[in-house]
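Listed below, chain by chain, are the residues.
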Amino acid sequence: MSIVSLSEVQEMVQNTAREFTNNEIKPVASINDKEHSFPEDIIRKLGELGFMGMAVPEQYGGSGLDYLSYMLALEEICRGCASTGTIMSVNNSLICAPINTFGTEVQKKSFLTELASGKKLGCFMLSEPEAGSDAASMRTTAVLNGDHYLFNGTKSWITNGAEADFAIVFASTDKSLKHKGVSAFIVNMKTPGVKIGKLEDKLGIRATSTAQIFFEDCKVPSENLLGNEGDGFKIALNTLDGGRIGIAAQAVGIAQAALEDSVIYAKERKAFGNPISDFQGLQFMIADMATRIEASRLLVWQASVMKDKGMKYGKQSAMAKLFAAETAMWVTTKAIQIHGGYGYTTDYPVERYFRDAKITEIYEGTSEVQRIVIARETLKEIQ
Ligand SMILES: Cc1cc2nc3c(=O)[nH]c(=O)nc-3n(C[C@H](O)[C@H](O)[C@H](O)COP(=O)(O)OP(=O)(O)OC[C@H]3O[C@@H](n4cnc5c(N)ncnc54)[C@H](O)[C@@H]3O)c2cc1C
């Protein structure tokens, strides 16, 4: 592990998450992946542990911890099951965080308390069939009509979409203003006019639901507007800056699992009369895997500490996500190589790690989008 010292509380959170992962998550992760089954029981227990709203103040049902503690826990959970980590990270990063930052007292009492305590589950609806990286081109509209907004449109790729109770939904309240006309709303998923469409059949994180959601003349109370009209794009970017550190932590967790399994396997598997771990060619792979993981973890910790200190951290968050996601892909590819033919089968979890790693290069901003953010900031900084 790293020489960077953690506080007693941070170490306690990390150990609790590690123990929970080893005892409760690892034994069922492969089955849930194969059966595409949402880990309901585990998510309920994560709520009881205080892991569904880790950085939310205790007065709103959260655990009142710092962001680094949340990242330490998320890495450990993702070491056992990336799907479980995705569900946890959406709830923490993408719905609890924006309501905590931008919500009114009434909104916090009505929605945040239940989400952060794990009694309710949330989702985040930004993407649309024609608007992913270019989120500002969204077509969903919210038209003010007396005491409510009338929603129409389609959202796609919504993680937790099939199970969520509440959603943050981004919609255009003034198309002529483009991204400045985007607003954010808290929507109860039971509202008439919200319809859950098809669930995607995915390469990885198969124990999560990824749903298309339709809004058909859906009436959302005007008091559910988050911030002011036109604040939506700012809220989305702010939310994703924090969320991306979480995806980086997820990538580190997946890569760490692949490294641990590879080392154990390499010590047991024999070829030419020796454990394959005796071969220098293989040792060099292990060395590079360990080094890239450590560098990724340090980027996660750096971005988290900067966020905790109230510093500007968007570039560091993008760097952590970019580097950790590419590391996870690289490390899981090597892990399959170390396992030889067995690594290519479902008998060992490395193929799952490999499939799960890929999503970290795509959601909450693709690797290309992270490069755009990093380049923009770097070009500004160096004159
Ligand atoms: C499993 C899964 C879960 C998801 N969960 C959610 C969720 O909960 N909520 C939500 O709102 N969204 C979610 N998403 C959507 C995700 O954030 C988008 O898929 C992602 O932002 C990319 O958008 P896109 O798929 O439309 O790709 P596009 O934007 O069409 O991009 C296609 C390719 O073009 C590249 N590209 C685009 N623009 C540029 C550019 N300017 N320069 C260089 N390259 C560029 C991209 O990097 C990519 O390689 C999820 C997606 C998946 C697959």
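First, a word on what this report is: a plain description of the structure on this page. (Residues numbered from 1 in each chain as written. Predicted model: local features only at pLDDT ≥ 70, side-chain atom pairs only at ≥ 80, totals over all residues. Heavy atoms only, no water.)

### Topic: unusual backbone geometry
- Unlike most non-glycine residues, Lys-178 shows phi in positive territory, near 50°.
- With relative accessibility at 61%, the residue Lys-178 sits in the exposed group.
- One non-glycine residue, Phe-272, lies in the positive phi region at around 55°.
- Tracing the chain through its elements places Phe-272 in the loop between β9 (270-271) and β10 (274-275). (Buried < 20%, exposed > 50% of the residue type's maximum accessible area, 1.4 Å probe, protein only. Helix = DSSP H or I, 4+ residues; strand = E, 2+ residues; numbered from the N terminus.)

### So, the site of the ligand
- As a structural note, the neighbourhood of the ligand is formed by 18 residues, with Ser-127, Ser-133, Trp-157, Thr-366 and Glu-368 the closest of them.
- In this structure, an oxygen atom belonging to the ligand sits 2.7 Å away from a side-chain N or O atom of Ser-133.
- At a separation of 2.7 Å, a nitrogen atom of the ligand approaches a polar backbone atom of Trp-157.
- Contact with the protein chains hides 64% of the accessible area of the ligand, taken as 980 Å² for the molecule alone.
- Counting residues per element, the ones that place at least two in the shell around the ligand are β3 (148-159) and α10 (367-381).
- A per-element tally of the shell around the ligand places β3 first, with 3 residues. (Near = heavy atom within 4 Å. Polar contact = N/O pair within 3.5 Å; in protein donor to acceptor, adjacent residues only side chain to side chain. Areas by Shrake-Rupley, 256 points an atom, 1.4 Å probe, with all protein chains shown as cover.)

### What to know about the pattern of salt bridges
- With the rule as written, the count across this model stands at 20 salt bridges.
- Arg-79 is the salt-bridge partner of Glu-76, the closest N and O atoms lying 2.9 Å from each other. Here Glu-76 and its partner Arg-79 are both found in helix α3 (residues 67-80), 3 residues apart, which amounts to about one turn of the helix. Note on accessibility: Glu-76 and Arg-79 belong to one class, buried.
- In this structure, Arg-297 and Glu-294 form a salt bridge, with 3.5 Å as the shortest nitrogen-oxygen distance. With Arg-297 and Glu-294 both in helix α7 (residues 280-308) and 3 residues apart, this pair spans about one turn of that helix.
- For Arg-297, a relative accessible area of 3% gives the class buried.
- For Glu-294, a relative accessible area of 24% translates into the label partly exposed.
- In the salt-bridge network here, residues are joined through shared partners; they are Glu-24, Asp-41, Arg-44, Lys-45 and Glu-48. (Salt bridge = Lys/Arg side-chain N within 4 Å of Asp/Glu carboxyl O.)

### Some words on the environment of Phe-51
- Within the secondary structure layout, Phe-51 lies in the loop between α2 (40-49) and α3.
- In the structure, Phe-51 is positioned 14 residues away from Leu-65 in sequence and 9.9 Å away in space, judged by C-alpha atoms.
- Ignoring sequence-local partners within four residues, the contact set of Phe-51 consists of Val-13, Thr-16, Ala-17, Leu-46, Ala-73, Ile-77, Met-88 and Asn-92. (Contact = heavy atoms within 4.5 Å.)

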